[in-house]
Amino acid sequence: MRQPNFVVFLSDDQAYCDLGCMGATDLATPRLDELAASGALLLSWYSNSPVCSPSRASLLTGRYPGNAGVRSILRGHRTATGLPREVPTIATALRRIGYRTAMFGKWHLGLNEGSRPQDHGFEEWFGFMAGCVDYYSHIFYFDMEAGTDPIHDLWENGREVWANGRYFTELVTERAVDYIRRASRRDEPFFLYVPWSAPHYPLHAPARYLDRFPDLRPERRIMAAMLAAMDDGIGAILDELSRVGARDDTFVFFQSDNGPSRETRNWLNGRADPYYGSQCSLKGHKFSLFEGGIRSPAIGSWPARIPAGTHVTEHGAAMDLFPTILRAAQGDPARYELDGLDVLPMVADGAPSPHEDLYWEMGRQTAIRRGHWKLVLNGQLVESDRTGTPIEHVPPEDAVFLADLASDADERNNLRDRQPAIASAMRAAAEAWRARIEERWEREWRSRAQETGSTGWTAPTR
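Residues numbered from 1 in each chain as written. Predicted model: local features only at pLDDT ≥ 70, side-chain atom pairs only at ≥ 80, totals over all residues. Heavy atoms only, no water.

Brief notes about the overall build of the protein
Phase 1: Within the protein, the regular secondary structure consists of 11 helices and 16 strands.
Phase 2: Computed over its C-alpha atoms, the radius of gyration of the protein comes to 20 Å, within 12% of the 23 Å expected for a compact globule of 462 residues.
Phase 3: Judged by the C-alpha coordinates and their principal axes, the protein covers about 60 × 50 × 50 Å.
Phase 4: Across the 462 residues of the protein, 64% fall into the buried class.
Phase 5: A sequence separation of at least 24 residues applies to 72% of the contacts in the protein between residues at least 6 apart.
Phase 6: With an accessible surface of roughly 16,400 Å², the protein has 49% of that area assigned to carbon and sulfur atoms.
Phase 7: Put simply, the protein has 52 plus and 62 minus side-chain charges, and the middle of one group is 2 Å from the middle of the other. (Helix = DSSP H or I, 4+ residues; strand = E, 2+ residues; numbered from the N terminus. Rg over C-alpha atoms; globule rule 2.2 N^0.38 Å. Buried < 20%, exposed > 50% of the residue type's maximum accessible area, 1.4 Å probe, protein only. Contact = heavy atoms within 4.5 Å. Areas by Shrake-Rupley, 256 points an atom, 1.4 Å probe, with all protein chains shown as cover. Lys, Arg positive; Asp, Glu negative; His and termini not counted. Charge placed at Lys NZ, Arg CZ, Asp CG, Glu CD.)

What to know about the packing of helix H1 (residues 30–38) against helix H7 (residues 218–243)
Phase 1: The N-to-C vectors of H1 and H7 enclose an angle of 50°; their axes lie 7 Å apart at closest approach. Between H1 and H7, the angle falls in the class oblique. Across the interface between the two elements, Pro-30, Arg-31, Leu-32 and Leu-35 of H1 pack against Met-230, Asp-231, Ile-234, Gly-235, Leu-238 and Asp-239 of H7. (Axes fitted to C-alpha atoms, helices over the stretch in contact; angles between N-to-C directions. Parallel < 35°, antiparallel > 145°, perpendicular 65-115°, else oblique.)

Thoughts on the sheet that holds strand E4 (residues 124–128)
Phase 1: Read from one edge of the open sheet, 10 strands run E8-E7-E4-E3-E9-E1-E10-E11-E2-E12, paired in mixed fashion. Here the strands that pair on one side only, and so sit at the sheet edges, are strand E8 (159–160) and strand E12 (310–317).
Phase 2: Set on the sheet, H7 makes contact with strand E1 (5–11), strand E9 (190–195) and strand E10 (250–256); between it and E10 the angle comes to about 170°. (Pairing = 2+ DSSP bridges.)

Dropping the structure here:
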C-alpha cells in the first residue's frame, strides 16, 4: 500500500473561535471551512503549551515540552540554541522510512547551528527562525529590551536571503505550492510542515485583505485580514494538491500553536492596555493554562480515511501528531520516546480519546484534563508583561480551579469545593507529573536551556 503524504498547517496566536467553521461571523475563512467540511472538525483539541516555542517543540517531537527540552519562549539572537539535536522530530522519523520533508514558515526552535530545521529532519526549508518578524522587511525587532539589536531573519536552506517588500504569508504560500508541484514529479511520499506566522504581531496585512472587512473596528479588521491571507494560502496549497492528484491520499492537519495574544505590542500605536483582537468567550489567553490559552481550532482531513463532515468532541493534543502520522505512514512509534498517542481512530472512527490524563505547565501554572474535568493550579489570566511579570493572576481562592468542561467550557464556575475528591485526586496527579518534569529538567535540560536565552516564563527552581 502506498504511503500517504502529510501536510501540517500551524497558525500563530490564533483564537479557538476565529474560524468561520468555529462560529466566527465577522471574519471569513472559506478555505479552512471547506477543509473542515471535507474531514473532521476537532472541538476539544489542544496545544501543549500556551506559548510558541514549547508548543512547536511538542508538535514536532511528540513529547511534553519539558521532555523535549524546550519549556519557554526562545530568544531570537543568532547564537540562541533551542531544540536539542538528539531529540527526534516527526521529520526525522519520516526521513528514516523514505519520506521527503520540507518546512516553510516560522521555526522558533533555535537559531544556532544544531538547532536549525536541517538539524531536525527537514531537507528543504524557508522562513525565519526567531519568534516573529516584520512581515515586509523580515527584520526581528522585538527583543530590544534584552539589549539585542534588530536583525534580519529570512533564510532558505540555511542561507540568508532577502525579499524586501514581499508579504511573508504570501512568500510561504509560494514556496509550499512550488514544493508540492515538484514533489508530484517524484515517486516518493512527502511531509510538508507549514507553520504560518499569522496572526502573530506585528499586525500587518496588504490593503487587498483589509478591504474585505471595511466595517470592522481596526484591531479586529487587521486580525481578519491576516487570517484571510493565511486562508487564501491554505486554499492555494490544497488546490495544488488536487491539481497534481494527491489530495485524496494526503492527510492535512491544521491547528494554532496557542491562544490569542493580548500583548500591548499588538497595537503598534503605543497603547498600554491589553489588546482586544479576538472575541472568544474562553477564559484566558496566550500564556494562560485556562482554555483560552491552550484550546486550539483544529481540523483533520484525509479523504481516503476520514469521513467528511465529522465533528470530534473527544480530546487530543499537538504531541499526538507524531505517533498518529508515523503509524499512518507505516512506521513504528514504539521506536521513539513519545508522550503523544495515535488519535487517528478517534478522528476517523469515532473512538474515545486515548488519553486518560493530559497535562500542561507554564511558569507557576500546572493543569490537568481528565475526561470532562479540568484542574488549573495557580492559573494566570493574561500575558506576562515585557519583564516576565504576570499582569493578572486568578484570585487566591481560585488558585485551585476545577471546571466541568462538559457544561462549562468557559471555566466560569469553580467546583473545587463541591467536588473535593475529584479536585484532590487531580491535584495529586498534576503535582506528581510536574515533579517528574522538574526532576528531568534539572538533570538533563537546565544547563542547555540557560544557553538559549529564553524569555518570558521559565521553569521555577525547586
